[in-house]
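Letter by letter, the chains look like this.
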Amino acid sequence: MSTVRTMENELVKVEVCDFGAELFSFYDKETKVEAVWQADPKYWARHAPVLFPFVGKVNGGYYTHKGIQHQMGQHGFARDMEFEFAGQTENTITHVLKSTEETLAKYPFPFELRITHKLEGKTLSVIWEIENPGNETMYFSIGGHPAFNVPARVGESKYDYDITFPEKNTLNYVLVDLSCSAVNMDDVYTLELKDHKLPVTEHLFDNDALIFDDYQVEKIGLAYPDGSPYLTMTCKGFPSMGVWSQPKTDAPFVCLEPWIGRCDNRGFDGELKDKYYEQSLETGKVFRAQYDLTLG
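Below you will find a few notes about this structure. (Residues numbered from 1 in each chain as written. Predicted model: local features only at pLDDT ≥ 70, side-chain atom pairs only at ≥ 80, totals over all residues. Heavy atoms only, no water.)

Digging into the nonpolar core
Core analysis: the largest hydrophobic core is formed by 76 residues, its most contacted members being Phe26, Tyr107, Leu113, Trp128, Ile163, Phe212 and Tyr230. In terms of residue count, strand β27 (residues 286–295) provides more of this core than any other element does, five residues in total. When residues no more than four places from it in sequence are discounted, the contact partners of Ile163 are His196, Lys197, Leu198, Val200, Leu204, Phe205, Ile220, Gly221, Leu222, Val243 and Val254. Formed by 17 residues, the second largest nonpolar core is a distinct cluster that contains Trp44, Val55, Val174 and Val176. (Core = buried A, V, L, I, M, F, W, Y, C linked by side-chain atoms within 4.5 Å. Buried < 20%, exposed > 50% of the residue type's maximum accessible area, 1.4 Å probe, protein only. Helix = DSSP H or I, 4+ residues; strand = E, 2+ residues; numbered from the N terminus. Contact = heavy atoms within 4.5 Å.)

Describing the sheet that holds strand β10 (residues 112–120)
Pairing is antiparallel in the open sheet, where nine strands are placed in the order β8-β9-β10-β11-β27-β23-β22-β15-β20. Whereas interior strands pair on both sides, the edge strands pair on one side only; in this sheet they are β8 (84–88) and β20 (197–199). Along the sheet, successive strands turn relative to each other by an average axial angle of 20°, direction set aside. The pairing of strand β22 (residues 219–223) with strand β23 (residues 229–234) spans five bridges and is antiparallel. Counterpart to Ala223 in the pairing with β23 is Pro229. (Pairing = 2+ DSSP bridges. Axes fitted to C-alpha atoms, helices over the stretch in contact; angles between N-to-C directions.)

Considerations on the sheet that holds strand β2 (residues 12–17)
Each strand in a sheet pairs with another by means of backbone hydrogen bonds, the pair being arranged parallel or else antiparallel. Reading across from one edge, β1-β2-β3-β4 is the order of the four strands in this open sheet, with antiparallel pairing throughout. Of all the strands in the sheet, the pair left with one neighbour each is β1 (4–8) and β4 (33–34). Alignment of strand β3 (residues 22–28) against β4, held across two bridges, turns out to be antiparallel. Note that in β4 the partner of Asp28 across the bridge is Val33.

Here we look at the pattern of salt bridges
Enumeration according to the criterion identifies 15 salt bridges in this entry. In this structure, Arg79 engages Asp80 in a salt bridge whose closest nitrogen and oxygen atoms are separated by 3.7 Å. Of the charged contacts, one joins Arg266 and Asp177 as a salt bridge, the two residues approaching to 3.0 Å between their closest N and O atoms. On the criterion of sequence distance, the pair formed by Arg266 in the loop between β25 (253–260) and β26 (279–281) and Asp177 in strand β17 (residues 176–177) is long-range, its members being 89 residues apart. (Salt bridge = Lys/Arg side-chain N within 4 Å of Asp/Glu carboxyl O.)

Observations regarding unusual backbone geometry
Residue Pro53 follows Phe52 across a cis peptide bond; omega there is 0°. Along the chain, the position of Pro53 falls in the loop between β5 (50–51) and β6 (62–65). The residue after Val150, namely Pro151, is reached through a cis peptide bond having omega 10°. Structurally, Pro151 can be placed in the loop between β14 (147–149) and β15 (162–164). Backbone geometry at Ala21 places phi at a positive 50°, although glycine is not the residue there. Relative to the helices and strands, Ala21 resides in the loop between β2 and β3. Residue class for Ala21 comes out buried when judged on its relative accessible area of 2%. Although it is not a glycine, Tyr215 sits at a positive phi angle of roughly 60°.

Here it is, written out as C-alpha coordinates:
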(Lines give C-alpha, C1' and ligand atoms only; values in the text may rest on other atoms or scores of the structure.)
Protein backbone atom coordinates (compact mmCIF):
# COMPACT_ATOMS: atom_id res chain seq x y z
CA MET A 1 0.00 0.00 0.00
CA SER A 2 1.50 3.31 -1.07
CA THR A 3 2.06 6.10 1.42
CA VAL A 4 -0.19 9.14 1.33
CA ARG A 5 1.58 12.37 2.35
CA THR A 6 -0.25 15.22 4.09
CA MET A 7 0.37 18.95 4.39
CA GLU A 8 -1.94 21.63 5.66
CA ASN A 9 -2.34 25.19 6.85
CA GLU A 10 -5.09 26.93 8.75
CA LEU A 11 -7.29 27.03 5.63
CA VAL A 12 -6.87 23.77 3.73
CA LYS A 13 -5.52 20.23 3.92
CA VAL A 14 -3.81 18.41 1.04
CA GLU A 15 -3.03 14.72 0.51
CA VAL A 16 -0.70 13.34 -2.18
CA CYS A 17 0.01 9.63 -2.78
CA ASP A 18 3.42 8.19 -3.64
CA PHE A 19 1.75 6.02 -6.29
CA GLY A 20 1.50 8.18 -9.39
CA ALA A 21 2.32 11.30 -7.33
CA GLU A 22 -1.46 11.67 -7.45
CA LEU A 23 -3.40 14.36 -5.62
CA PHE A 24 -5.84 12.56 -3.32
CA SER A 25 -7.42 15.42 -1.41
CA PHE A 26 -7.82 19.20 -1.42
CA TYR A 27 -10.01 19.94 1.58
CA ASP A 28 -11.36 23.36 2.51
CA LYS A 29 -11.41 23.60 6.30
CA GLU A 30 -13.56 26.73 6.29
CA THR A 31 -16.39 25.36 4.15
CA LYS A 32 -15.77 21.68 4.98
CA VAL A 33 -15.78 20.87 1.27
CA GLU A 34 -13.61 18.16 -0.28
CA ALA A 35 -12.82 19.32 -3.81
CA VAL A 36 -11.08 16.22 -5.19
CA TRP A 37 -13.15 13.32 -6.46
CA GLN A 38 -12.66 10.34 -4.15
CA ALA A 39 -12.29 7.69 -6.85
CA ASP A 40 -15.53 5.75 -6.43
CA PRO A 41 -14.99 2.81 -8.83
CA LYS A 42 -18.68 2.84 -9.70
CA TYR A 43 -17.84 5.79 -11.94
CA TRP A 44 -14.07 6.32 -12.18
CA ALA A 45 -11.43 4.88 -9.86
CA ARG A 46 -8.91 7.71 -10.01
CA HIS A 47 -8.48 11.09 -8.35
CA ALA A 48 -6.08 13.25 -10.38
CA PRO A 49 -3.66 11.16 -12.45
CA VAL A 50 -0.60 12.66 -14.13
CA LEU A 51 -0.46 11.89 -17.85
CA PHE A 52 3.11 11.23 -19.04
CA PRO A 53 4.82 10.74 -21.44
CA PHE A 54 1.62 10.67 -23.51
CA VAL A 55 -1.74 12.39 -23.18
CA GLY A 56 -4.64 10.36 -24.52
CA LYS A 57 -4.32 7.44 -26.89
CA VAL A 58 -1.98 7.08 -29.85
CA ASN A 59 -3.51 6.34 -33.24
CA GLY A 60 -3.72 2.58 -33.75
CA GLY A 61 -2.28 1.87 -30.31
CA TYR A 62 1.31 2.62 -31.33
CA TYR A 63 3.61 5.55 -32.08
CA THR A 64 6.57 5.75 -34.45
CA HIS A 65 10.04 7.01 -33.54
CA LYS A 66 12.82 6.89 -36.13
CA GLY A 67 10.76 4.51 -38.19
CA ILE A 68 10.24 2.02 -35.36
CA GLN A 69 6.76 1.35 -33.99
CA HIS A 70 6.24 1.19 -30.23
CA GLN A 71 3.02 0.14 -28.52
CA MET A 72 1.67 2.55 -25.93
CA GLY A 73 -1.46 2.56 -23.79
CA GLN A 74 -3.70 5.50 -23.01
CA HIS A 75 -2.09 8.39 -21.10
CA GLY A 76 1.36 6.82 -20.93
CA PHE A 77 2.58 5.03 -17.80
CA ALA A 78 3.50 7.50 -15.04
CA ARG A 79 0.03 7.38 -13.47
CA ASP A 80 0.50 3.65 -12.81
CA MET A 81 3.99 3.78 -11.30
CA GLU A 82 5.34 4.23 -7.80
CA PHE A 83 7.18 7.53 -7.49
CA GLU A 84 10.10 8.07 -5.15
CA PHE A 85 9.28 10.38 -2.26
CA ALA A 86 11.85 13.18 -2.63
CA GLY A 87 11.09 15.27 0.43
CA GLN A 88 8.61 17.50 2.19
CA THR A 89 8.67 20.97 3.71
CA GLU A 90 5.97 22.87 5.57
CA ASN A 91 4.23 23.71 2.30
CA THR A 92 5.65 21.35 -0.38
CA ILE A 93 5.60 17.65 -1.20
CA THR A 94 7.94 16.43 -3.94
CA HIS A 95 8.07 13.14 -5.84
CA VAL A 96 10.42 11.85 -8.53
CA LEU A 97 10.03 9.22 -11.24
CA LYS A 98 13.07 8.06 -13.20
CA SER A 99 13.24 5.94 -16.32
CA THR A 100 13.81 2.22 -15.81
CA GLU A 101 14.53 -0.76 -18.04
CA GLU A 102 10.78 -1.30 -18.14
CA THR A 103 10.00 2.23 -19.34
CA LEU A 104 12.89 2.26 -21.81
CA ALA A 105 11.52 -0.89 -23.44
CA LYS A 106 8.37 0.99 -24.50
CA TYR A 107 9.54 4.62 -24.44
CA PRO A 108 13.20 4.84 -25.53
CA PHE A 109 14.13 8.01 -23.67
CA PRO A 110 15.87 8.34 -20.30
CA PHE A 111 14.03 10.88 -18.17
CA GLU A 112 13.55 12.26 -14.68
CA LEU A 113 10.08 13.58 -13.84
CA ARG A 114 9.84 15.66 -10.67
CA ILE A 115 6.40 16.66 -9.36
CA THR A 116 5.98 19.16 -6.56
CA HIS A 117 2.72 20.11 -4.89
CA LYS A 118 3.08 23.53 -3.24
CA LEU A 119 0.50 25.05 -0.90
CA GLU A 120 0.07 28.78 -0.28
CA GLY A 121 -3.13 29.91 1.43
CA LYS A 122 -5.98 28.36 -0.52
CA THR A 123 -3.91 27.84 -3.67
CA LEU A 124 -2.26 24.55 -4.54
CA SER A 125 0.38 24.67 -7.30
CA VAL A 126 1.19 21.51 -9.26
CA ILE A 127 4.72 21.87 -10.65
CA TRP A 128 6.22 19.54 -13.25
CA GLU A 129 9.93 19.41 -14.03
CA ILE A 130 11.25 17.03 -16.68
CA GLU A 131 14.97 16.50 -17.18
CA ASN A 132 16.56 14.79 -20.16
CA PRO A 133 19.69 12.92 -18.98
CA GLY A 134 19.99 11.03 -22.26
CA ASN A 135 22.19 11.68 -25.27
CA GLU A 136 19.46 12.61 -27.76
CA THR A 137 16.46 14.92 -27.91
CA MET A 138 13.46 13.43 -26.12
CA TYR A 139 9.84 13.90 -27.17
CA PHE A 140 6.90 13.85 -24.78
CA SER A 141 3.50 15.13 -23.77
CA ILE A 142 2.34 15.80 -20.22
CA GLY A 143 -1.04 16.63 -18.76
CA GLY A 144 -3.16 16.83 -15.65
CA HIS A 145 -6.43 14.95 -15.16
CA PRO A 146 -7.80 16.21 -11.82
CA ALA A 147 -11.43 15.36 -11.07
CA PHE A 148 -13.52 17.55 -8.79
CA ASN A 149 -16.63 16.72 -6.82
CA VAL A 150 -19.69 18.14 -8.55
CA PRO A 151 -21.83 18.60 -6.60
CA ALA A 152 -19.52 19.48 -3.73
CA ARG A 153 -22.19 19.95 -1.08
CA VAL A 154 -25.07 17.82 0.19
CA GLY A 155 -28.46 18.74 -1.21
CA GLU A 156 -27.15 20.18 -4.47
CA SER A 157 -27.34 18.79 -8.01
CA LYS A 158 -24.51 18.37 -10.47
CA TYR A 159 -26.67 20.04 -13.05
CA ASP A 160 -26.97 23.26 -11.07
CA TYR A 161 -23.22 23.90 -11.40
CA ASP A 162 -21.43 25.91 -14.08
CA ILE A 163 -18.03 25.60 -15.71
CA THR A 164 -16.56 29.09 -15.83
CA PHE A 165 -14.25 30.64 -18.43
CA PRO A 166 -13.31 34.08 -17.06
CA GLU A 167 -13.30 36.85 -19.66
CA LYS A 168 -14.37 34.46 -22.44
CA ASN A 169 -17.54 34.87 -24.46
CA THR A 170 -16.86 32.43 -27.29
CA LEU A 171 -14.65 29.34 -27.55
CA ASN A 172 -13.96 26.74 -30.21
CA TYR A 173 -13.73 23.07 -29.35
CA VAL A 174 -13.21 19.68 -30.98
CA LEU A 175 -14.25 16.16 -30.02
CA VAL A 176 -12.68 12.72 -30.01
CA ASP A 177 -13.85 10.32 -32.70
CA LEU A 178 -14.63 7.38 -30.43
CA SER A 179 -14.24 4.88 -33.25
CA CYS A 180 -10.49 5.56 -33.30
CA SER A 181 -9.86 7.58 -30.09
CA ALA A 182 -8.39 10.44 -32.11
CA VAL A 183 -9.47 14.05 -32.49
CA ASN A 184 -11.68 14.89 -35.45
CA MET A 185 -10.22 18.16 -36.72
CA ASP A 186 -12.73 18.28 -39.59
CA ASP A 187 -15.47 19.40 -37.24
CA VAL A 188 -14.76 22.43 -35.05
CA TYR A 189 -17.63 23.59 -32.86
CA THR A 190 -18.35 27.05 -31.52
CA LEU A 191 -19.37 27.46 -27.91
CA GLU A 192 -21.27 30.64 -27.03
CA LEU A 193 -21.01 31.45 -23.33
CA LYS A 194 -23.48 33.41 -21.27
CA ASP A 195 -21.78 35.48 -18.57
CA HIS A 196 -18.61 33.45 -19.23
CA LYS A 197 -20.34 30.26 -18.04
CA LEU A 198 -21.09 26.82 -19.47
CA PRO A 199 -23.86 25.01 -17.53
CA VAL A 200 -23.24 21.39 -16.61
CA THR A 201 -26.10 19.58 -18.31
CA GLU A 202 -27.17 15.96 -18.50
CA HIS A 203 -25.91 15.49 -22.06
CA LEU A 204 -22.85 17.77 -22.04
CA PHE A 205 -20.38 14.87 -22.13
CA ASP A 206 -22.35 12.42 -24.29
CA ASN A 207 -19.58 12.64 -26.90
CA ASP A 208 -16.77 12.43 -24.33
CA ALA A 209 -14.41 15.34 -23.58
CA LEU A 210 -14.70 18.86 -24.93
CA ILE A 211 -11.20 19.84 -26.10
CA PHE A 212 -10.17 23.49 -26.31
CA ASP A 213 -6.93 23.86 -28.31
CA ASP A 214 -4.63 26.68 -29.35
CA TYR A 215 -4.02 28.18 -25.90
CA GLN A 216 -7.63 29.38 -25.66
CA VAL A 217 -7.99 28.58 -21.95
CA GLU A 218 -5.63 30.12 -19.41
CA LYS A 219 -8.16 30.08 -16.60
CA ILE A 220 -11.14 27.84 -15.95
CA GLY A 221 -13.27 27.10 -12.93
CA LEU A 222 -16.37 25.67 -11.35
CA ALA A 223 -19.16 27.68 -9.78
CA TYR A 224 -21.68 26.70 -7.12
CA PRO A 225 -25.40 26.83 -7.93
CA ASP A 226 -25.63 30.32 -6.43
CA GLY A 227 -22.91 31.52 -8.81
CA SER A 228 -20.17 31.87 -6.22
CA PRO A 229 -16.74 30.44 -7.11
CA TYR A 230 -16.04 26.86 -6.02
CA LEU A 231 -12.65 26.27 -7.62
CA THR A 232 -10.43 28.05 -10.14
CA MET A 233 -7.62 26.57 -12.23
CA THR A 234 -4.94 28.83 -13.71
CA CYS A 235 -2.93 27.19 -16.51
CA LYS A 236 -1.03 29.74 -18.59
CA GLY A 237 1.06 28.29 -21.37
CA PHE A 238 -0.97 25.09 -21.81
CA PRO A 239 -1.94 24.48 -25.46
CA SER A 240 -5.04 22.40 -24.68
CA MET A 241 -7.73 22.02 -22.06
CA GLY A 242 -9.98 18.99 -21.79
CA VAL A 243 -13.26 19.10 -19.88
CA TRP A 244 -14.72 15.69 -19.14
CA SER A 245 -17.01 13.54 -17.04
CA GLN A 246 -18.12 9.95 -17.57
CA PRO A 247 -20.42 10.06 -20.61
CA LYS A 248 -24.08 9.14 -20.31
CA THR A 249 -24.00 8.68 -16.53
CA ASP A 250 -24.79 10.81 -13.51
CA ALA A 251 -21.14 10.62 -12.38
CA PRO A 252 -20.80 13.29 -9.65
CA PHE A 253 -17.54 14.83 -10.82
CA VAL A 254 -16.09 17.05 -13.54
CA CYS A 255 -12.48 16.90 -14.75
CA LEU A 256 -10.58 20.03 -15.77
CA GLU A 257 -7.55 18.77 -17.68
CA PRO A 258 -4.64 21.05 -18.65
CA TRP A 259 -2.59 19.40 -21.38
CA ILE A 260 0.73 20.05 -23.10
CA GLY A 261 0.26 17.81 -26.10
CA ARG A 262 -2.70 15.47 -26.53
CA CYS A 263 -4.05 12.45 -28.40
CA ASP A 264 -3.43 12.19 -32.13
CA ASN A 265 -5.52 13.81 -34.77
CA ARG A 266 -7.58 11.33 -36.75
CA GLY A 267 -5.49 9.63 -39.41
CA PHE A 268 -2.11 10.70 -38.04
CA ASP A 269 0.58 8.13 -38.80
CA GLY A 270 3.71 10.27 -38.67
CA GLU A 271 6.74 10.35 -36.42
CA LEU A 272 6.53 10.99 -32.69
CA LYS A 273 8.19 14.38 -33.07
CA ASP A 274 5.36 15.49 -35.37
CA LYS A 275 2.46 14.69 -33.03
CA TYR A 276 0.08 17.52 -32.16
CA TYR A 277 1.92 19.94 -29.83
CA GLU A 278 4.54 17.30 -29.03
CA GLN A 279 7.29 18.73 -26.83
CA SER A 280 11.02 18.34 -27.49
CA LEU A 281 13.72 18.52 -24.84
CA GLU A 282 17.41 18.59 -25.68
CA THR A 283 19.91 16.51 -23.76
CA GLY A 284 20.78 17.98 -20.37
CA LYS A 285 17.88 20.45 -20.45
CA VAL A 286 14.94 20.81 -18.02
CA PHE A 287 11.31 21.48 -18.97
CA ARG A 288 9.08 23.15 -16.39
CA ALA A 289 5.32 23.78 -16.29
CA GLN A 290 2.82 24.63 -13.55
CA TYR A 291 -0.88 24.96 -12.99
CA ASP A 292 -2.62 26.34 -9.91
CA LEU A 293 -5.83 25.34 -8.12
CA THR A 294 -7.56 27.87 -5.87
CA LEU A 295 -10.52 27.12 -3.63
CA GLY A 296 -13.28 29.71 -3.33
